[in-house]
Amino acid sequence: MNYSGFKAVRTISLETDGNEYILRAVLELKGIARLTGYGPVVEESRFTVVDGVIQPLLYVIGEQKENPKRDIRIEFDWARGISRGFAKGEEQNLPLEKGIQDPLTFELMGRLKLTDGERKFTMNVHEGHRIRQYTFVPQREEMVNVASRADDAEKFFIDRNSSRELYYWFNPEYLYLPLMIQQVHGQKISGTVSLTSSSLLH
């Protein structure tokens, strides 16, 4: 992947812990970029699935050393309908509504909806200091070259009401696995994530 002009590798894993799931993403800069001292960045979500809907329990993101400006922690208290955590250097408490996702599970929940046949839909995503709507807007079908192969993909614009536009290319043949993710700011590509390998690809 290309991360803010640097080469990086993002590894994503999903495992079970009893009735709960742990989704983890680790971002590591490569090459000379490692000399910046940034990273690795570990992003982790613990969640359950209730009536076919992902229900986050705990979300954290941060480096090995504390960075209050970037670190985020969200504890989801569904029984009381409130979240408690830390973001933007401050304690954060926000109300919860059914269906809210975190910055990591929204992609997984989106794939579940796409697999069920939904095409344009909106979900609320807890970003630590605010809850923002993410709307999946279908664009067109395109061919994407990833993992030494060419595959058909369905392109979606993830409308977050942000100046930083977010695009996903999902492969319907492999449970809507994202083949590529791209962020555009000011009509310029600011970051691209391309799939290099997956247990779903044969």
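Residues numbered from 1 in each chain as written. Predicted model: local features only at pLDDT ≥ 70, side-chain atom pairs only at ≥ 80, totals over all residues. Heavy atoms only, no water.

Draft legend 1. Region of the structure containing the overall build of the protein chain. Check the secondary structure of the protein chain and you find one helix and 14 strands. For 202 residues, the compact-globule estimate of 2.2 N^0.38 gives 17 Å, and the C-alpha radius of gyration of the protein chain, at 17 Å, lies within 12% of that figure. Taken along the three principal axes of its C-alpha coordinates, the protein chain extends 45 × 45 × 40 Å. Residue burial in the protein chain is summarised as follows: out of 202 residues, 40% are buried. When contacts within the protein chain are restricted to residue pairs at least 6 apart in sequence, those whose partners lie at least 24 apart make up 35%. Accessible area for the protein chain stands at about 11,600 Å²; split by element, carbon and sulfur atoms hold 47% of it. Averaging the coordinates of the 26 positive side-chain charges in the protein chain and doing the same for the 28 negative ones gives two points 6 Å apart. (Helix = DSSP H or I, 4+ residues; strand = E, 2+ residues; numbered from the N terminus. Rg over C-alpha atoms; globule rule 2.2 N^0.38 Å. Buried < 20%, exposed > 50% of the residue type's maximum accessible area, 1.4 Å probe, protein only. Contact = heavy atoms within 4.5 Å. Areas by Shrake-Rupley, 256 points an atom, 1.4 Å probe, with all protein chains shown as cover. Lys, Arg positive; Asp, Glu negative; His and termini not counted. Charge placed at Lys NZ, Arg CZ, Asp CG, Glu CD.)

Draft legend 2. Broad picture of the packing of aromatic side chains. Across all of its chains, the model carries 11 aromatic pairs by this definition. Arranged with centres 5.8 Å apart and planes meeting at 75 degrees, the rings of Phe156 and Phe170 form a pair that is edge-to-face. Taken as a pair, Phe156 in strand β11 (residues 149–159) and Phe170 in strand β12 (residues 164–171) lie far apart in primary sequence, 14 residues in all. Relative accessible area serves as the criterion here: at 0%, Phe170 is assigned to the buried category. Judged by centre distance (5.2 Å) and plane angle (35 degrees), the rings of Phe157 and Tyr167 are tilted. Taken together, the residues span a long stretch of sequence, with Phe157 in strand β11 and Tyr167 in strand β12 at a distance of 10 residues. On the basis of relative accessibility, which here comes to 18%, the residue Phe157 falls in the buried class. Given a relative accessible area of 14%, Tyr167 falls into the buried group. Through pairs of rings, three or more aromatic residues link up here, namely Phe106, Phe121, Tyr134, Phe136, Phe156, Tyr168 and Phe170. A cation over a ring is seen here: Lys113 above Phe121, with NZ or CZ 5.6 Å from the ring centre. For Lys155, the ring lying beneath its charged end belongs to Tyr167, and the centroid distance is 4.8 Å. (Phe/Tyr/Trp six-rings, centres within 6.5 Å; stacked < 30°, edge-to-face > 60°. Lys NZ or Arg CZ within 6 Å of the ring centre and 35° of its normal.)

Draft legend 3. Examining the pairing of strand β10 (residues 131–146) more closely. As paired elements, strand β9 (residues 121–126) and β10 share six bridges and run antiparallel to each other. Pairing of Asn124 across the sheet is with Gln133, part of β10. The antiparallel hairpin formed by β9 and β10 contains four residues in its connecting segment, where Gly128 sits at a positive phi of about 105 degrees. Sheet analysis places β10 next to β11, joined by 10 bridges and oriented antiparallel. Looking across to β11, one finds that Phe136 is bridged to Ile158. (Pairing = 2+ DSSP bridges.)

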